[in-house]
Amino acid sequence: MANKVLVTAALTYANGPAHLGHVLEAIQTDVYVRARRMMGDEVIFMWADDTHGTPIQIRALREGIDPEQLIARVYDEHVKAYDGFQIGYDIFYTTHSEENRKHAAAIFEALRERGDIEERDVEQLYSEVDQMFLPDRMVQGTCPVCKTPDQDGDSCESCGSTYRPTELIEPRSVISGDTPVLRSSEHLFVPLARHEAFLREWLKPVSDGGTTILQDSVRNFVLSWVDGGLRDWDISREAPYFGIEIPGYPGKYFYVWFDAPIGYIAATEKWCELHGQDLQDWWKAPPGRGDGQTEIVHVIGKDIVYFHCLFWPAMLHAAGYTVPSRVQVHGWLKVNGEKMSKRRGTFILANTYLEHADPAYLRYYLAARLSSNQDDFDLAMDDFVARVNADLVGKAANLASRSIKFINSKLGGTLGPIPEDGVPVIDAVREKLLEVPDLYRNFDSAKALRLAMEMAETCDAYINEHAPWKVIKTDPERARAILTVGVQVSKMVGAVLQPVIPEWGEKIGRMLKLEQPLTFANAAEPLAEGLELGAYETLAERLQSATLDALIEASKADVAADRAVGAAPEDAPSFAYEVEPLAPEVGIEALGQIDLRVGKIVECEPVPKAKKLLRLTVDLGPLGQRNVFSGISQSYAPEQLLGKHVVMFANLKPRTMRFGVSEGMIMAAGQSDDKVTVIELDPRSLPGDKIS
RNA sequence: GGGCCCAUAGCUCAGUCGGUUAGAGCGGCCGGCUCAUAACCGGUUGGUCCCAGGUUCGAGCCCUGGUGGGCCUACCA
């Protein structure tokens, strides 16, 4: 009987587009799901957007739209990205749904009936102007420890210290700038310590009679929290809060982390409704890996272990739902050795990748390096190229290519028998294939793919040794037999690659006229002698490093565009000021009308009786000198500008002013007249040179 | 401040219970082959196993202390 397996990737937070960090997790999860299906397990992949909470409100506020509009737009972006990467989820749902409301209420009610909900007053900052309690992220002020201004309400990015928003010096509302006051309100708490016994049981390793599979480091980590004493968990937030209102407590909402994981259940319920399945079989069955049991597997990043290994199992247990059988934790994605960060420009969006490169490359590279550890993953672009080309193209694709093309072009396209000296090759490869399911089951795709490459290598050596391109001249049937080994092995290699590159398996299936989709079990079945092969289909083409260069460039542009909208990513500083909204979009031809040149300031003097003008003489090299009046005297003393290379708007129609004729403009940035900064160029630039 | 995890060849990683001379793939270099997508084959290069102590007949592995990186947490640890 098939094992029931419910797999989830972490819900994607709906305050922005998916980036390669999300993709890493999605691919790891998808490979696992596809591999387990190839083992014959009954697997569903339940996924959703996480749509509630303060960061969503802030983002919507910044963009000037409703949270509902934001999450609807982001939902479409996420689905497009994940579909593009061929993530084979069964449903991608949302926590902003009736199902989520229902199950959040049910779990809350169950906790309440057990006496696991406590009411307690909490003092918090309240803004009279905004008429709301301000969550940590909505307050800024001066750090009480190091006195750095403009820090968030929970921690200081300058000195790294954490504190409560009430400790901030000169706190103010991010929304209105209003100074909030202290006010107390009633919050709801779950005393987690009451679930300590259950949690210890849940955390028990399989080797010790437990049922939960956790990486050792994760288990130790979680146990250290339990040993340290479990704190009460504040699960309520005051209105206005974008989330689910708590039944029986008007004006109070579930903290986003209460209802977020419930999205796994909501997604399952929706999927059950669409597919005539019973939710009970999935979320009300005993946990485990046997008949009539359900194995729930969560794939998450190491930042959210706390929620998935403490609160979540406790909530499920208390409310009578199926608890997780496995939580698989991965590390962060880094790019070229740096932590992925918009500020450093190594932030690659999923959809940007898809515009430049085939998802198969990234799927392969990530899978080829992902194992069951939770180390950070460094996406080094040169290694990416080398690995894909050496393994995927040079080994796996090459074996199928040389075998199938040879038979098709020179031997009439039909297979022969497996020759006697090919049997040990097939046996050796099959033996490796037998190890593969367990490797995938343990999230060790790196080793599975290593084996696939060894399989191809073994067979390649066999073909080289027997040189069918020579043998064919004297004994074509012998050549056919040798290459039949290559085709047979390509089938087995294809099975190992299929979870990672689904279309690889499909192409192998068409070329070898397979009647059933490839599985680990049927991959070793011998191909019939006399089988007529289909036309060769290219399995993988070489990855060019220029492709990735273009991707990096495009990502830099993404960041700039995102900044311009004022849409701060999670790791970017919040803005304590406003800028003018962007002008309407124009085509590139608009730039052609404006002629910008390098100018060198050779003279600079104040203008008597003018409030903010300086008179400049700007040298444009071969184009001669220009007289320019510029309104920057409140920000610059004349001598500060002398000799600087600046950006000159050179074909601006001369304008007669009260003090003389101005023959152009120099470019400067700034919010007000006394905070202007002139755009300075590298002094190596040549006066008169065109800027484009 | 406390805690947990990680560190082995230029890169990605194996390394079992402590057991001989620390391995593989990729890359680099030299040579060969040509059916195959600059692919493939043979040879070769390459290591202070992060550092310093300790235990031991013997340490990449065990213990202590440190360094670097990642993460969590904080007047309680």
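If you check an unreviewed UniProt entry, chain A appears there as Methionine--tRNA ligase from Enhygromyxa salina. Under Sequence similarities (unreviewed entry), UniProt gives the following word-for-word description of chain A: "Belongs to the class-I aminoacyl-tRNA synthetase family. MetG type 1 subfamily." Its UniProt record, at the heading Catalytic activity (unreviewed entry), says of chain A: "tRNA(Met) + L-methionine + ATP = L-methionyl-tRNA(Met) + AMP + diphosphate".

(A) Examining the sheet that holds strand β6 (residues 132-133) more closely. With antiparallel pairing, the four strands of this open sheet are ordered in space as β6-β5-β10-β12. Strands with a single pairing partner mark the edges of an open sheet, and in this sheet they are β6 and β12 (232-234). Across three bridges, strand β10 (residues 181-191) lies against β12 in antiparallel orientation. Bridging from a neighbouring strand, proline 191 pairs with aspartate 232 of β12.

(B) The side chain of threonine 29, seen in detail. Within the secondary structure layout, threonine 29 lies in helix α1 (residues 20-38). What makes threonine 29 buried here is its relative accessible area of 0%. Contacts of threonine 29, omitting those with residues within four sequence positions, involve Val7, Thr8, Ala9, Phe45 and Val299.

(C) Here's a closer look at helix α6 (residues 216-227). Helix length check: α6, at twelve residues, gives a terminal C-alpha distance of 16 Å against a target of 16 Å (1.5 Å per residue), a fit within 8%. Of the positions making up α6, those classed as buried are Val218, Arg219, Val222 and Val226. For α6, the buried positions fall inside an angular range of 95 degrees around the axis, keeping them on one side. In α6, the exposed residues that point more than 90 degrees away from the buried face are Asp216, Asn220 and Asp227.

(D) Representation of the protein's contact with RNA strand B within the structure. Inspection of the region around RNA strand B gives 35 residues, with Gly228, Lys302, Asn398, Lys405 and Asn464 positioned closest. Put simply, 71% of the atoms of RNA strand B that lie within 4 Å of the protein are in sugar or phosphate. A distance of 2.3 Å separates a sugar or linking oxygen of RNA strand B from a polar atom in the side chain of lysine 302. At 2.9 Å from a sugar or linking oxygen of RNA strand B is found a side-chain nitrogen or oxygen belonging to aspartate 383. Every element with two or more residues in the surface near RNA strand B is listed here: α6, α13 (381-410), α15 (445-466) and α16 (468-471). Per-element accounting of the surface near RNA strand B gives the leading share, twelve residues, to α13.

(E) Looking closely at the packing of helix α5 (residues 196-203) against α6. Contact geometry of α5 with α6 gives a least axis separation of 11 Å together with a crossing angle of 165 degrees. Relative to α6, the element α5 lies roughly antiparallel. In terms of crossing hand, the pair formed by α5 and α6 is left-handed. The residues of α6 that touch α5, namely those facing Glu196, Arg200 and Leu203, are Arg219, Val222, Leu223, Val226 and Asp227. Residues belonging to the contact of α5 with α6 are distributed by class as follows: four nonpolar, no polar and four charged.

Calculation notes
Residues numbered from 1 in each chain as written. Chains lettered and ligands numbered in written order. Predicted model: local features only at pLDDT ≥ 70, side-chain atom pairs only at ≥ 80, totals over all residues. Heavy atoms only, no water. UniProt positions renumbered as here; feature names shortened; annotations may be inferred. Pairing = 2+ DSSP bridges. Helix = DSSP H or I, 4+ residues; strand = E, 2+ residues; numbered from the N terminus. Buried < 20%, exposed > 50% of the residue type's maximum accessible area, 1.4 Å probe, protein only. Contact = heavy atoms within 4.5 Å. Expected span 1.5 Å × (residues − 1). Arc of directions from axis to C-beta. Near = heavy atom within 4 Å. Polar contact = N/O pair within 3.5 Å; in protein donor to acceptor, adjacent residues only side chain to side chain. Axes fitted to C-alpha atoms, helices over the stretch in contact; angles between N-to-C directions. Parallel < 35°, antiparallel > 145°, perpendicular 65-115°, else oblique. Left-handed = near helix turned anticlockwise from the far one by under 90°. Nonpolar A, V, L, I, M, F, W, Y, C, P; charged D, E, K, R; others polar.

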